[in-house]
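# Residue-level structure breakdown
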There are 4 protein chains.
Amino acid sequence: MTDSRAEQSADTPWRRKLHTIVFEADTPAGRWFDAVLLALIVVSLVVVMLETVPSMPEPWRRGLRAAEWALTGVFSLEYLLRLVIVRRPLVYAGSFFGLVDLLAILPTWVSLIFPGAQALLAVRVLRLLRIFRVFKLARYLSEARVIGDALRASSRKIAVFLFTVSTVVVVVGALMYLIEGPANGFTSIPVSMYWAVVTLTTVGYGDISPATGLGQAVASLVMILGYGIIAVPTGIVTAELANAGRKLETQHINTQMCAHCGADDHRSDSKFCRHCGAALH
Amino acid sequence: MTDSRAEQSADTPWRRKLHTIVFEADTPAGRWFDAVLLALIVVSLVVVMLETVPSMPEPWRRGLRAAEWALTGVFSLEYLLRLVIVRRPLVYAGSFFGLVDLLAILPTWVSLIFPGAQALLAVRVLRLLRIFRVFKLARYLSEARVIGDALRASSRKIAVFLFTVSTVVVVVGALMYLIEGPANGFTSIPVSMYWAVVTLTTVGYGDISPATGLGQAVASLVMILGYGIIAVPTGIVTAELANAGRKLETQHINTQMCAHCGADDHRSDSKFCRHCGAALH
Amino acid sequence: MTDSRAEQSADTPWRRKLHTIVFEADTPAGRWFDAVLLALIVVSLVVVMLETVPSMPEPWRRGLRAAEWALTGVFSLEYLLRLVIVRRPLVYAGSFFGLVDLLAILPTWVSLIFPGAQALLAVRVLRLLRIFRVFKLARYLSEARVIGDALRASSRKIAVFLFTVSTVVVVVGALMYLIEGPANGFTSIPVSMYWAVVTLTTVGYGDISPATGLGQAVASLVMILGYGIIAVPTGIVTAELANAGRKLETQHINTQMCAHCGADDHRSDSKFCRHCGAALH
Amino acid sequence: MTDSRAEQSADTPWRRKLHTIVFEADTPAGRWFDAVLLALIVVSLVVVMLETVPSMPEPWRRGLRAAEWALTGVFSLEYLLRLVIVRRPLVYAGSFFGLVDLLAILPTWVSLIFPGAQALLAVRVLRLLRIFRVFKLARYLSEARVIGDALRASSRKIAVFLFTVSTVVVVVGALMYLIEGPANGFTSIPVSMYWAVVTLTTVGYGDISPATGLGQAVASLVMILGYGIIAVPTGIVTAELANAGRKLETQHINTQMCAHCGADDHRSDSKFCRHCGAALH
């Protein structure tokens, strides 16, 4: 949206040229630019991750830190370039990709003042969403839209479901706090609620687990409940996705209509009307 | 039900006026009353939770206790007010919301005699169900009804499923008690059954886990069984929800109504009314 | 099957009378007999479970043992009675319920020689299947048949799925044994395969977990794989159940056929043919 | 493919005869050859597994090692035989089964130089895929194809899903590393990402688990998110499988064939052929 509007109003030739390279992926140069950028993002993600590994030897660590500063420099220049090229820099800066581009460089600069902020650089992973533009993955985007539509269509059912889960978590959390008590690891109601979430979602770390007979009995009931509850969101999303698939299918079939008798609902490879026998176009 | 009947028979003007404020959410005053009430309920829930956190400093704790008493006072007054306003107090007191309103204040008073009962105040979360009335979330309620209908329609299948799971839990529990024995944490058949539930539901705390080779082999079989079992309730609920969606869809398509006898709910490819035989358009 | 055949050939009146009481649940006496039996089975199950609890005080334990012997005596008499009443005792003794009835009393007698065999009494839970006959839960049985049919219809898909899972378990188990080794708990390939099952089914006890970086990376891939794999049996059973539901629905619709034009597929409440307008019966 | 081509060009009679025995399972001799081979593969897998069990007594271990060498000798001879019989040995050696056959013997020979490589023999499990040929399990293969088709049809949706999961894992991993830190087990971002995968997939080992209040709150959100995320692949595969089932069903119903032009695959309520317009019976 922002891109195309900015593109149309780009007035000087060099700005227009740079714009097609930096913001688009339709020309060879633009595709190269984005491919190199994606590679650099992946490299920078790996660098950020490796930097936190404690067993890393000191010389390697120094090299990683240098690489991080170099990459942050490149990304900062790229961000400034984008601001210069675009005609309405504020619109770009406020857009989703603009904010992500800024958040991808900010933590390194912030770490000059507050050490340790580098871990926030993991937000760079969001920059990888550009991948969809580079490989022209329009089909993948349409798939994402089908999933997104299914989730949106069932958002109210999911809200009811989340409300139910929250209620169960609060009540079960309080109950187990009373039954097990601080001696068995249920040190407070919030901790007890954390245990309830861990149990209901069948994650089951085991850092907190019931030790009394009554507590184990209640926990068993909660688990079987959680077992049933997991069926609900799965059912909702599945029904919605199956529905979307059926609609798509129906649309493929329902386009022909007999000119003679008006019957529709023909198969897409039918040549004659299945009601009056007249030829279909 | 109780509310509307009580409303109709409310005879004095001040009682009628208070009734619309306290029991309904259709007037601005009534909506304000319920919004404030919901906020107080959420605050009181947070207060109850924080009070149990052991690392809470003493001055804060004293403040929280004061807040709890204040909120309990407000809720007690509200409960009495509801009893006074409603013409048939016993019908209200025996209704679902009446009982929840009482249970939401009782634990604090009980804690004067038995300390520690405050944790039961978490039952206040049920009062949040009023949220559906305040925001007129009729649509959300209809979504909840769809889920509820799907669960009810498959209740017999779920009963068969629960019976099967119970049988497996008892048999596997006894078997593992024999194989592993008290030395490996399977101290009794009930504890062994608790382990079976933890395993079948894929929660897997790890507080009890098989240590012998035979026990691990049986446990592996139980897990793969549980893997298959989880498919059954999901399948039941999904099929039911998909069914509900299809029925809804079918109803939307069948908008034809016979001009002669007024019958509707025809198949979309019907040519004649299925009740009186008149031609459909 | 066995019961009804035996019933027809029961020749003496007292045998016929006892047969209707002991084997059937259609007369008040028969229903009483089965209800008392079910209650005794539940009591005996609870007794067997409680007997294994180590914290049980000695006097209670002695009472439980007495109760177990009393109940075993009752069940033994009942088993002998069934053998006497039925005309073909061997057919009954070889039937499913006959074997269950025998297995329900055998462990107690065996425990005279081999102590500890009592835990096997949990097999008594299978006797509870009689519950379906007592409450005439024919409808529940038909629900169980729907689930059973769905599982049987997808048995080949499930076999393919289990074969795939087994292959993954063996390969992943051997791989993790090589990567992690005995030092990190993967003491042998069978133990490693047990870990693979625990992980793939998302149970995740945590009694064995990867400690090396490479092991954690491989484990992460296995988990995401397991995540995808869990979708397959759920999808299979759901599709089958949805199918069964659709067929059932279709059968309710498809019974009428127009005597005039032969059109079928009418709604069950249609009175006139939707193709030619002739009256339906 | 490779087999049949090679078979046609096998010129000498003994080579042709051996080919039908070794490569095919249509003659009694060929079926016997494959059945014995499968049994040997299963035995060799068990041998490889048992050899790694540390509690195995030394004499047994020596026997297992001898058995492994004997089996490897047999498999090596079989591999050479296949190379000799087939007319284009390189095509066979490069085919899927050819590579598997080689990988099934290589580790034992390699273990002469690098001890410990025997565990790689678990790759022999892939040789069991021959089972499909022996038992002529064409129907099972078609079931596998239905599952495979469903997965392939939804591969783009699954790619979008995996991309989403990866992004969540990186962001959540970095966030939890910041919140919990090395003191609570989150020693680096890669380890934190491993924790995120363990949590999102609801495996939940508990080897790493959040200890701070904020960490537990974020973990709770991640779990409920994972709970919702698990619904997506299940929904995708289920919808696809249900779709496949519906298509199959439709094909089964459309058994009509036009007497005039021979076209089939008509809708069940069609009256005229959709290809030539002739009346259908």
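From a predicted model like this one, the values you see are computed outputs, not experimental measurements.

All right, on to the overall build of chain A then. The number of helices and strands found in chain A is 13 helices and zero strands. Counting over 281 residues, chain A shows a buried share of 48%. Of the contacts formed within chain A by residues at least 6 apart in sequence, a portion of 51% connects residues at least 24 apart. Here chain A displays about 13300 Å² of accessible surface, and carbon together with sulfur accounts for 70% of that area.

Among the nonpolar cores identified, the biggest contains 227 residues, and Trp195(A), Trp195(B), Trp195(C) and Trp195(D) are the most heavily contacted of them. Not counting residues up to four positions away in its chain, the partners in contact with Trp195(D) are Tyr205(A), Val172(D), Met176(D), Phe186(D), Ile208(D), Ser209(D), Pro210(D) and Ala219(D).

What follows deals with the packing of aromatic side chains. Residue and element names in this part refer to chain D. Enumeration over the complete set of coordinates arrives at 12 aromatic pairs over all chains. With a centroid separation of 5.2 Å and an interplanar angle of 70 degrees, the aromatic rings of Trp69 and Trp109 are classed as edge-to-face. With Trp69 in helix α4 (residues 58-85) and Trp109 in helix α7 (residues 106-110), the pair connects residues that are 40 residues apart, well separated along the chain. Look at Trp109 and you get partly exposed, because its relative accessible area is 40%. Ring geometry for Tyr79 and Tyr92: centres 6.1 Å apart, planes at 45 degrees, overall tilted. Note that Tyr79 is positioned in helix α4 and Tyr92 in helix α5 (residues 89-94), a separation of 13 residues in sequence.

Attention now moves to the packing of helix α3 (residues 28-51) of chain C against helix α4 (residues 58-85) of chain C. All names here are of chain C. Their axes nearest at 10 Å, the elements α3 and α4 cross at an angle of 145 degrees. For the pair α3 and α4, the sense of crossing is left-handed. Contacts from Phe33, Leu37, Leu40, Ile41, Val43, Ser44, Val47, Leu50 and Glu51 of α3 reach α4 at Arg61, Leu64, Arg65, Ala67, Glu68, Leu71, Val74, Phe75, Glu78 and Arg82. Within the contact of α3 with α4, the residues separate by chemical class into 12 nonpolar, one polar and six charged.

Residues and elements named next belong to chain A. Residues with a pLDDT of 70 or more make up 73% of chain A, whose mean pLDDT is 76. Within chain A, the element-level pLDDT minimum falls on helix α1 (residues 2-8), averaging 46, and the maximum on helix α11 (residues 189-200), averaging 92. Overall, residues 1-10 carries pLDDT values under 50, and its contacts beyond four positions in sequence, including any with other chains, amount to 14 contacts. Scored below 50 in pLDDT, residues 249-256 shows 15 contacts in the model against residues more than four places distant or in partner chains. With a pTM of 0.79, the predicted complex shows an ipTM of 0.76.

The next thing to look at is the environment of Val172(D). Residue and element names in this part refer to chain D. Here Val172 lies in helix α10 (residues 155-180). Counting along the chain gives 122 residues from Val172 to Leu50, while the straight-line C-alpha distance between them is 41 Å. Every residue in contact with Val172, bar those within four places of it in the chain, is listed here: Trp195, Ala196 and Val222.

A separate point is the environment of Gly235(B). With respect to the helices, strands and loops of the structure, Gly235(B) is situated in helix α13 (residues 231-253). Take Gly235(B): its relative accessible area is 0%, and that puts it in the buried class. Aside from chain neighbours lying at most four places away, what touches Gly235(B) is Thr238(C) and Leu241(C).

Helix length check: helix α12 (residues 213-229) of chain B, at 17 residues, gives a terminal C-alpha distance of 24 Å against a target of 24 Å (1.5 Å per residue), a fit within 8%. Considered for burial, the residues of α12(B) that qualify are Gly215(B), Gln216(B), Val218(B), Ala219(B), Ser220(B), Val222(B), Met223(B), Gly226(B), Tyr227(B) and Ile229(B).

As for its position among the elements, Ser188(B) is in the loop between α10 (155-180) and α11 (189-200). Non-local contacts of Ser188(B), meaning those with residues more than four positions away in its chain, are made with Tyr177(B), Thr52(C), Val53(C) and Pro54(C).

What follows covers the packing of helix α2 (residues 13-22) of chain B against helix α3 (residues 28-51) of chain B. A packed helix pair is summarised by two numbers, namely the angle formed by the two axes and the spacing between the axes. Residues and elements named next belong to chain B. Their axes nearest at 7 Å, the elements α2 and α3 cross at an angle of 50 degrees. It follows from the interaxial angle that α2 and α3 lie oblique. From α2, Thr20, Ile21 and Val22 reach across to α3, where they touch Ala29, Gly30, Phe33 and Asp34. Residues that form the contact of α2 with α3 fall into these classes: four nonpolar, two polar and one charged.

A word on a nonpolar patch on the surface. Residue and element names in this part refer to chain A. A cluster of nonpolar side chains, contributed by Leu103, Leu106, Trp109, Val110, Leu112, Ile113 and Phe114, occupies part of the molecular surface with about 700 Å² of accessible area. Considering every element that reaches the nonpolar patch, the biggest residue donor is helix α7 (residues 106-110), with three residues. Relative to the elements of secondary structure, Val110 occurs in helix α7. Residue classification places Val110 among the partly exposed positions, given a relative accessible area of 31%.

Scanning the model with the defined rule gives 16 salt bridges over all chains in all. A salt bridge links Glu51(C) to Arg65(C); its shortest N-O distance comes to 3.7 Å. With a gap of 14 residues between them, Glu51(C) in helix α3 and Arg65(C) in helix α4 connect regions that are remote in the sequence. Measuring nitrogen to oxygen at the nearest pair gives 3.8 Å for the salt bridge that ties Arg61(D) to Glu58(D). Placement of both Arg61(D) and Glu58(D) in helix α4 is noted, with a separation of three residues, approximately one turn of the helix. Classification of Arg61(D) as buried rests on a relative accessible area of 15%. A relative accessible area of 41% places Glu58(D) in the partly exposed class.

Here we take up unusual backbone geometry. In this structure, Thr202(A) is a non-glycine residue whose phi angle is positive, near 60 degrees. Note on Thr202(A): relative accessible area 3%, which makes it buried.

Next up on the list: helix α6 (residues 96-103) of chain D. All names here are of chain D. For α6, the complete set of buried residues consists of Gly98, Val100 and Asp101. Burial along α6 is one-sided: seen end-on, the buried residues are contained in an arc of 165 degrees. On its buried face, α6 sits against α4 and α5.

Assignment of secondary structure puts Val198(C) in helix α11 (residues 189-200). Taking relative accessible area as the criterion, Val198(C) reaches 2% and is therefore assigned buried. In the structure, Val198(C) is positioned 10 residues away from Ile208(C) in sequence and 9.3 Å away in space, judged by C-alpha atoms. When neighbours within four sequence positions are excluded, Val198(C) is seen to be in contact with Met223(B), Val203(C), Gly204(C) and Tyr205(C).

Rules used throughout
Residues numbered from 1 in each chain as written. Chains lettered and ligands numbered in written order. Predicted model: local features only at pLDDT ≥ 70, side-chain atom pairs only at ≥ 80, totals over all residues. Heavy atoms only, no water. Helix = DSSP H or I, 4+ residues; strand = E, 2+ residues; numbered from the N terminus. Buried < 20%, exposed > 50% of the residue type's maximum accessible area, 1.4 Å probe, protein only. Contact = heavy atoms within 4.5 Å. Areas by Shrake-Rupley, 256 points an atom, 1.4 Å probe, with all protein chains shown as cover. Core = buried A, V, L, I, M, F, W, Y, C linked by side-chain atoms within 4.5 Å. Phe/Tyr/Trp six-rings, centres within 6.5 Å; stacked < 30°, edge-to-face > 60°. Axes fitted to C-alpha atoms, helices over the stretch in contact; angles between N-to-C directions. Left-handed = near helix turned anticlockwise from the far one by under 90°. Nonpolar A, V, L, I, M, F, W, Y, C, P; charged D, E, K, R; others polar. pLDDT = per-residue confidence, 0-100. Expected span 1.5 Å × (residues − 1). Parallel < 35°, antiparallel > 145°, perpendicular 65-115°, else oblique. Patch = residues over 30% accessible without salt bridge, like charges linked within 9 Å, V, L, I, M, F, W, Y side chains within 5 Å. Salt bridge = Lys/Arg side-chain N within 4 Å of Asp/Glu carboxyl O. Arc of directions from axis to C-beta.

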